[in-house]
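Structure assessment
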Amino acid sequence: MEKFMNFLEKHLMPIADKLNNNKYLSALRDAFMLTLPLIIFGSVFVVISNLPYLEKILGEGRLNQLKNLLGAASNATMSIMTLFVVFGFGYSLSKKYKVEPVYGAAVAVSAFLLLTPFTMQYGENAQDVVDGVIALDRLGAKGMFVGIISSIIAVEIYRIIVQKNWTIKMPAGVPDAVSRSFSSLIPAFITLTFFLAVRIIFTFTPWGNIHDFIYQSIQAPLMKLGSGLGATLIAIVFTQLLWFFGLHGQIIINSVFDPIWRALSLENLQAFQSGAEKLPHIVTKQFMDTFTVGMGGTGMTLAVIVGIIILAKSKQLKELSKLAGPAGIFNVNEPVIFGLPIVLNSAILIPWILAPMVVTAVTYFAMATGLVPPTTGVDVPWTVPIFFSGILATNSIAGGILQLVNLAIVLIIWMPFIIMIDRQYHKSEKEAEKNNLEVRANKNSKTITSN
């Protein structure tokens, strides 16, 4: 075990450190955090308009009217999420380069739109074309990778030109806003000219635009790979290993996988809103956050708290359960991570990695076989307690029941290790108590002798 730990620390930690400090991944994390309140807003109204039995209560006509009225909430947020990601990424990356972040973000958005088709095909066999519009999926799932790639290139070109001082310098008396605007003129013009040229070049290719090229050659294969059970289990293992070494595994791994999982979620959402009988993907952002490592806190530690409450005899674990219990209900698990502890505790490495893998496989097969519907793409606030979050994520009570089953699986896997740790702590407490009694007895005997 010690050799294995040393191997992981030697080879895994440097890679994790580089990923954690990578400026592009860091900017991407910031960009997705920007979208969070907007996605939650849209998700709430998607849930409201798709509540169970609503059709029987309102009737089909009124329900369709309600969906039309509330549909703008998701269309203006979740359906165009890529647009917000591009803005947030451009802002964050520009800030890291210490160039004007607002202009960097604006240039990134404009570059993305320059690559986006302003036409939409419709009708039988999609032969009819309407100009002057942008399809929502270009600003959502289908355009996610184009948005990220174009943002990186746009900010890089923009900041290189700014840092080379190829800018217009205004006199000292000019207002600051005007000065910044003129300073950004040449960098923005050169950057956007580059993207206009790329757009024109792609009109002469078989794809017609860079969106379809990237989607077909890069995004679709990566989404297919990322939606599989094998890739998901690998992501779970690395998430848990990074947490074991004290690094925030979800932030690091999500930086790499979030574009894939978010795109899969958006495709599920579009299918769900269109009334599709079967949703296209099992693995999504909500699958990961609501049913695997994020359920009950990272590593599903709510089950560990339950196990401690049921089994623990040592004072240390009993006190830990009192402290961690209320937080664990709302998926906050830092008291367990650092109080058990989980970080660098080789005694719990096996259940820490094994339990999420088993639960992920169980959840995947439950959804693949139709026992539980896949997640709808609706984002559930991460503090929503289990059972309720499962219902909201799948629009079905079966999702909540699956979470309870998952909790029981984690508890069963952890039980022998909780008992082992508790016995160690209980033994240490007994020895400490015995030592204290001996010290007190010695003090009393010395006092009697002196008297």
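Residues numbered from 1 in each chain as written. Predicted model: local features only at pLDDT ≥ 70, side-chain atom pairs only at ≥ 80, totals over all residues. Heavy atoms only, no water.

Quick word on the nonpolar core
By size, the foremost hydrophobic cluster in this structure holds 73 residues, and its most contacted members are Met81, Val85, Met144, Ile210, Trp261, Phe287 and Met367. Per element, the largest residue contribution to this core is 11 residues, and it comes from helix 12 (residues 249-273). Here this core spans two domains, since at least three of its residues come from each of domain 1 (1-18 + 228-445) and domain 2 (79-227). Residue contacts for methionine 81: discarding those within four places in its chain leaves Phe32, Thr35, Ile39, Leu139, Gly140, Met144, Arg262 and Leu266. One finds Ile337, Ile342, Leu407 and Tyr425 within the second-largest nonpolar core, a separate group that totals 36 residues. (Core = buried A, V, L, I, M, F, W, Y, C linked by side-chain atoms within 4.5 Å. Buried < 20%, exposed > 50% of the residue type's maximum accessible area, 1.4 Å probe, protein only. Helix = DSSP H or I, 4+ residues; strand = E, 2+ residues; numbered from the N terminus. Domains from an automatic or database assignment. Contact = heavy atoms within 4.5 Å.)

Examining the domain arrangement of the protein chain
A common measure of how large an interface is: the accessible area buried when the components associate. Assigned domains of the protein chain: these are domain 1 (1-18 + 228-445) and domain 2 (79-227). The C-alpha centroid of domain 2 is placed 38 Å from the C-alpha centroid of domain 1. Contacts between domain 1 and domain 2 engage 17 residues on the former and 16 residues on the latter. When the two sides are added together, the surface that domain 1 and domain 2 hide from each other amounts to roughly 1200 Å², 69% of it contributed by carbon and sulfur. Interface area lost by domain 1 to domain 2 is led by Pro259, Ile260 and Leu266, which between them contribute 36%. Where domain 1 packs against domain 2, one counts zero salt bridges. The tally of links from domain 1 across to domain 2 stands at two residue pairs in polar contact (both at pLDDT 80 or more). (Buried area = accessible area lost by both parts, 1.4 Å probe. Salt bridge = Lys/Arg side-chain N within 4 Å of Asp/Glu carboxyl O. Polar contact = N/O pair within 3.5 Å; in protein donor to acceptor, adjacent residues only side chain to side chain.)

Focus on the packing of aromatic side chains
What describes a pair of aromatic rings is the distance from one ring centre to the other and the angle between the planes of the rings. Applying the stated criterion across every chain yields a total of eight aromatic pairs. A centroid spacing of 6.5 Å and a plane angle of 25 degrees characterise the contact between phenylalanine 87 and tyrosine 91, whose relative ring orientation is stacked. You can see phenylalanine 87 and its partner tyrosine 91 sitting in helix 5 (residues 81-96), four residues apart, about one turn around the helix. Overall, tyrosine 91 belongs to the partly exposed group, its relative accessible area being 31%. The interplanar angle of 45 degrees and the centroid separation of 5.5 Å between the aromatic rings of phenylalanine 202 and phenylalanine 213 together place this pair among those described as tilted. Linking phenylalanine 202 in helix 9 (residues 185-202) with phenylalanine 213 in helix 10 (residues 210-226), this pair joins segments that are 11 residues apart in sequence. Assessed through its relative accessible area of 15%, phenylalanine 202 is described here as buried. With relative accessibility at 26%, the residue phenylalanine 213 sits in the partly exposed group. Through a chain of ring-to-ring contacts, the aromatic side chains of Phe202, Trp207 and Phe213 assemble into a single cluster. Over the face of the ring belonging to tyrosine 24 we find lysine 23, whose NZ or CZ atom lies 4.9 Å from the ring centre. (Phe/Tyr/Trp six-rings, centres within 6.5 Å; stacked < 30°, edge-to-face > 60°. Lys NZ or Arg CZ within 6 Å of the ring centre and 35° of its normal.)

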